[in-house]
Amino acid sequence: DDPKIVITEAFCMNQCKRGPNLRILQQSHSDNDNDSDSRSVTKVLVFSPEFMNDTERQRKTFQSVSNEERVRSIFELVKTYQHQQQQLQF
């Protein structure tokens, strides 16, 4: 199964003045060792200091996503991450 990337708004978390804030989630399925069911697993993605400052990395959110350029750069980062993950599956 391909991991699904979800961009979601992160509400306040004492960051309101730095908002709007976004969190990047990766949803994937994990096989349960105990039975034949698969389980949905969601993790928050954190990127290198090149893309996230220390506070963003600690809180696992992109802060001050208040203009189109910032949105575009985060979206491109996510697309690049997805592409790299797909290459690792092959």
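As a reminder, the structure under discussion sits directly above these lines.
Residues numbered from 1 in each chain as written. Predicted model: local features only at pLDDT ≥ 70, side-chain atom pairs only at ≥ 80, totals over all residues. Heavy atoms only, no water.

Draft legend 1. Quick peek at the nonpolar core. Judged by nonpolar contacts, Ile 5, Leu 22, Ile 24, Leu 45, Phe 47, Met 52, Phe 62, Val 65, Ile 74, Leu 77, Val 78 and Tyr 81 together constitute the single largest core of 12 residues. With four residues, the single largest contributor to this core is helix H2 (residues 68-89). (Core = buried A, V, L, I, M, F, W, Y, C linked by side-chain atoms within 4.5 Å. Buried < 20%, exposed > 50% of the residue type's maximum accessible area, 1.4 Å probe, protein only. Helix = DSSP H or I, 4+ residues; strand = E, 2+ residues; numbered from the N terminus.)

Draft legend 2. Examining the pattern of salt bridges more closely. Applying the stated criterion to the full structure yields three salt bridges. The closest approach of N and O atoms between Glu 68 and Arg 72, which form a salt bridge, is 2.7 Å. You can see Glu 68 and its partner Arg 72 sitting in helix H2, four residues apart, about one turn around the helix. The exposure class assigned to Glu 68 is exposed, which follows from its relative accessible area of 59%. Glu 76 serves as the salt-bridge partner of Lys 79, at 3.5 Å between the closest nitrogen and oxygen. Pair noted here: Lys 79 and Glu 76 are both in helix H2, with a separation of three residues, about one helical turn. For Lys 79, a relative accessible area of 39% gives the class partly exposed. (Salt bridge = Lys/Arg side-chain N within 4 Å of Asp/Glu carboxyl O.)

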